[in-house]
Amino acid sequence: MPIDVTQYMTKGENTLEVYLNRSSQDKSAFDFAVGIEVVQTISEERLLGKIQTISAQESLDTIKKSLSTTPKGSNEKANDGNDDDDDVIMTSSTLTISLFDPISAHQIFTLPVRGTHCRHRDPFDLATFLATRKREKPGYPSSPDDWRCPICRGDARPDVLVKDAFLIHVREELARKDQLHTRAILVTAEGDWEIKKEVVSGVRSPSLEHEDGTGSSGSRGGSQRPASAAPVVIELD
């Protein structure tokens, strides 16, 4: 159980005394551990100045390398004439990068960041990430155990966050073309990128509406409902 002892600290050397609530006659074995965790705080202004930036070229080079790398031993397997399914190795020629912030989930990032050790390329928005860290009270420093990547739950403390200049450039291009509603992009092994088309289901195609047309009575559909025939009366003796 963590206890905040900051208010009891004084300048200079401090001594921590621990008392166990047990009888002096109790000789049974026990196993306790006590530790002191030093938590440093930093202002948001200083934090923004400390975050490193991955250049656009470095980011693209890493993506291209990951898309063009051939798994070890695949060449030998491809040339041995064996067509078994187990020997077939498929690699993707494109990489999908999600642009919508995973925390807010309704808009593209403003400043894209991720942890240095994150294996994914998807970013999260820095301002949203900072604003949603848990705090004991408004205005208090955030919890030191809450600095986790919202995508992979990896380490995302301020000193391991990095900005991706390539994705910053992508956002600038999308803003220039008024396409900030874009959810994801595709990056090729050549370093080119394009907007990933979304597949929308459950929406009627306008072309179908056009083909249906409108009947003379104003109702939809290519044919009209036939008029009801006059009822036939049969007399029974």
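Position labels on residues start from 1 in each chain and follow its written sequence. It should be noted that, the model being predicted, local features are given only for residues of pLDDT at least 70 and side-chain atom pairs only at 80 or more, the latter also being counted only at that level, while totals for whole chains, interfaces and linings use all residues. Values reported for side chains reflect all heavy atoms of the structure, with hydrogen atoms and water molecules removed beforehand.

Caption draft 1: Broad picture of the overall build of the protein chain. Looking only at helices and strands, the protein chain features six helices and seven strands. Along the protein chain, from the amino end to the carboxyl end, the secondary structure elements read α-β-α-α-β-β-β-α-β-α-β-β-α. Looking at the protein chain as a whole, 23% of its 237 residues are labelled buried. Considering only intrachain contacts with a sequence separation of at least 6, the fraction spanning at least 24 residues in the protein chain is 58%. Using a 1.4 Å probe, accessible areas were evaluated by the Shrake-Rupley method; residue-level cover was limited to the displayed protein chains. As presented, the protein chain carries roughly 18800 Å² of accessible surface, and 50% of it is formed by carbon and sulfur atoms. By definition, any uninterrupted DSSP run of H or I lasting at least four residues is a helix, any uninterrupted run of E lasting at least two residues is a strand, and each is numbered from the N terminus. Here the term buried applies to any residue with accessible area under 20% of the maximum for its type, exposed to any over 50%, and partly exposed to those in between, with areas from a 1.4 Å probe on protein chains only. Pairs of residues are marked as contacts when any of their non-hydrogen atoms sit within 4.5 Å.

Caption draft 2: The side chain of Arg 121, seen in detail. Its place among the elements puts Arg 121 in the loop between β3 (112–115) and β4 (124–125). Just so you know, the count uses Lys and Arg for positive and Asp and Glu for negative, and it drops His and the chain ends. By salt bridge we mean one thing: a side-chain nitrogen of Lys or Arg within 4 Å of a carboxyl oxygen of Asp or Glu. Buried charge without a salt bridge: Arg 121, with Asp 164 as the nearest opposite-charge side chain at an N-O distance of 5.2 Å. Not counting residues within four places of it along the chain, the set of residues in contact with Arg 121 comprises Ser 59, Thr 62, Ile 63, Leu 95, Ile 97, Arg 114 and Leu 167.

Caption draft 3: Just the sheet that holds β4, in detail. Being paired, for any two strands, means DSSP has found at least two bridges between them. With mixed pairing, four strands are arranged side by side in an open sheet as β1-β5-β3-β4. Of all strands in the sheet, those bounded by a partner on one side alone are β1 (52–54) and β4. Pairing geometry for β1 and strand β5 (residues 161–164), over three bridges, is parallel. For Gln 52, the partnering residue across the bridge sits in β5 and is Val 162.

Caption draft 4: Focus on the packing of aromatic side chains. Pairing of aromatic rings covers Phe, Tyr and the six-membered ring of Trp, with a centre-to-centre limit of 6.5 Å; geometry is then stacked below 30 degrees between planes, edge-to-face above 60, and tilted otherwise. Inspection of every chain in the model, using the stated rule, returns two aromatic pairs. Here Phe 124 and Phe 129 contribute two aromatic rings whose centre-to-centre distance is 4.9 Å and whose plane-to-plane angle is 50°, an arrangement assigned as tilted. Overall, the relative accessible area of 0% leaves Phe 124 in the buried class. Using a relative accessible area of 0% as the deciding quantity, one classes Phe 129 as buried. Aromatic side chains Phe 129 and Trp 147 sit 5.6 Å apart centroid to centroid with 70° between the ring planes, which places their arrangement in the edge-to-face category. Of this pair, Phe 129 sits in helix α4 (residues 126–131) while Trp 147 sits in the loop between α4 and β5, and the two are 18 residues apart along the sequence.

Caption draft 5: Inspection of the nonpolar core at higher detail. What makes a nonpolar core is a set of buried Ala, Val, Leu, Ile, Met, Phe, Trp, Tyr and Cys residues whose side-chain atoms join them at distances within 4.5 Å. Residues Ile 97, Leu 99, Phe 166, Leu 167, Ile 185 and Val 187 are the most contacted members of the largest nonpolar core, which totals 14 residues. For this core, the secondary structure elements donating two or more residues are α2 (56–68), α5 (165–176) and β6 (184–188). At four residues, the largest contribution of residues to this core is made by α5. In this view, Leu 167 contacts Ile 97, Leu 99, Phe 109, Pro 112, Arg 121, Pro 123 and Ile 185; residues no more than four positions away in its chain are not counted. Counting residues in hydrophobic clusters, the runner-up holds 12 residues, among them Leu 47, Cys 118, Phe 124 and Leu 126.

Caption draft 6: Geometry of the sheet that holds strand β7 (residues 193–195). The three strands lie next to each other as β2-β6-β7, forming an open sheet whose pairing is antiparallel. Every interior strand has two partners, whereas the edge strands, β2 (94–98) and β7, have only one. Within this sheet the neighbouring strands show an average axis-to-axis angle of 25°, counted without direction. In the packing of α5 onto the sheet, the strands contacted are β2, β6 and β7, and the crossing angle to β7 comes to about 45°. Working convention: axes come from line fits to C-alpha atoms, limited for helices to the stretch in contact. Angles between N-to-C directions cover 0 to 180 degrees.

Purely geometric numbers; function is a separate question.
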